[in-house]
Amino acid sequence: RESTWSAGTMVEGCAPTSTVPPDLELGSGDVQATLIWSGDSDMDLHVIEPNGEEIFYSSKSSSTGGSLDHDDIPECGVATGDHVENIFWPTGAAPIGSYSASVRFYRACASGASQSVHLTVRVNGQVVISQAITLTDGATSEMFAFSTT
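With that settled, the discussion passes to the pattern of salt bridges. Tallying each qualifying case throughout the model produces one salt bridge. Among the salt bridges present, the one from D71 reaches K60, with a minimum N-O distance of 3.7 Å. In this pair, D71 is assigned in the loop between β8 (67-70) and β9 (82-89) and K60 in the loop between β7 (54-55) and β8, connecting sequence segments eleven residues apart.

The structure is reproduced here in structure tokens:
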């Protein structure tokens, strides 16, 4: 049975503080990686699972049951509120082993823009990564490693 991360959860580390929109239910379970930001830049969450499969915007699910259930694509000048991307494995489905998560600044609306985001990774409901990141247009963050046992 899948649980959800409750809407309206506050995320510190982004300026200004961002929240999951109240009408948005995100999948959760054994592993949940959530990216949140404010503004109209297009940011992408990537997770690589133990078998090497990568989940992201152009590969939204894996053979092990991992899924990108929310891929937020803001429009320049239109969608300036809070944005979320979420990748999860339902309870009982996540493979045991080492994972990595990263963030890519896919598209900026202004030349030379930078964007602050917050990455949270939960394993079995416990936060194992809570990281504020600032990227410039086209950049990719470092890989943030975590594991399941």
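Here the narrative resumes.
With that settled, consider the confidence of the model for the chain. Of all residues in the chain, 87% have pLDDT values of 70 or greater, and the mean over the chain is 86. Element-level mean pLDDT values for the chain span from 34 in strand β1 (residues 4-5) up to 98 in β7. Predicted confidence is poor over residues 1-16, with pLDDT under 50, and the contacts of this stretch with residues over four places away or in other chains come to 42 contacts.

This part covers the packing of aromatic side chains. By the definition in use, this model includes four aromatic pairs. Aromatic side chains Y99 and F146 sit 5.2 Å apart centroid to centroid with 10 degrees between the ring planes, which places their arrangement in the stacked category. A residue pair is termed long-range when its members are at least 10 positions apart, and Y99 in strand β10 (residues 97-107) and F146 in strand β13 (residues 144-148) qualify at 47 residues. Classification of Y99 as buried rests on a relative accessible area of 3%. Feature note: the residues F56, Y57 and Y106 constitute an aromatic cluster, connected by ring pairs.

On to the pairing of strand β12 (residues 126-136), then. Pairing geometry for strand β11 (residues 114-123) and β12, over ten bridges, is antiparallel. In the sheet register, V121 faces β12, and the bridge partner there is I129. Remark: two residues form the turn of the hairpin made by β11 and β12, two consecutive strands paired antiparallel; N124 in that turn has positive phi of roughly 50 degrees.

Below, the discussion takes up the environment of V127. Tracing the sequence through the fold places V127 in strand β12. Here V127 is in contact with T120, V121 and R122, once residues within four sequence places are set aside.

Once that is clear, we can look at the side chain of Q32. Inspection of the secondary structure puts Q32 in strand β5 (residues 31-38). Polar side-chain contacts of Q32 include one of 3.4 Å to the backbone oxygen of G27. A polar contact is formed between the side chain of Q32 and the side chain of N86, at a distance of 3.1 Å.

Rules and cut-offs
Residues numbered from 1 in each chain as written. Predicted model: local features only at pLDDT ≥ 70, side-chain atom pairs only at ≥ 80, totals over all residues. Heavy atoms only, no water. Salt bridge = Lys/Arg side-chain N within 4 Å of Asp/Glu carboxyl O. Helix = DSSP H or I, 4+ residues; strand = E, 2+ residues; numbered from the N terminus. pLDDT = per-residue confidence, 0-100. Contact = heavy atoms within 4.5 Å. Phe/Tyr/Trp six-rings, centres within 6.5 Å; stacked < 30°, edge-to-face > 60°. Buried < 20%, exposed > 50% of the residue type's maximum accessible area, 1.4 Å probe, protein only. Pairing = 2+ DSSP bridges. Polar contact = N/O pair within 3.5 Å; in protein donor to acceptor, adjacent residues only side chain to side chain.

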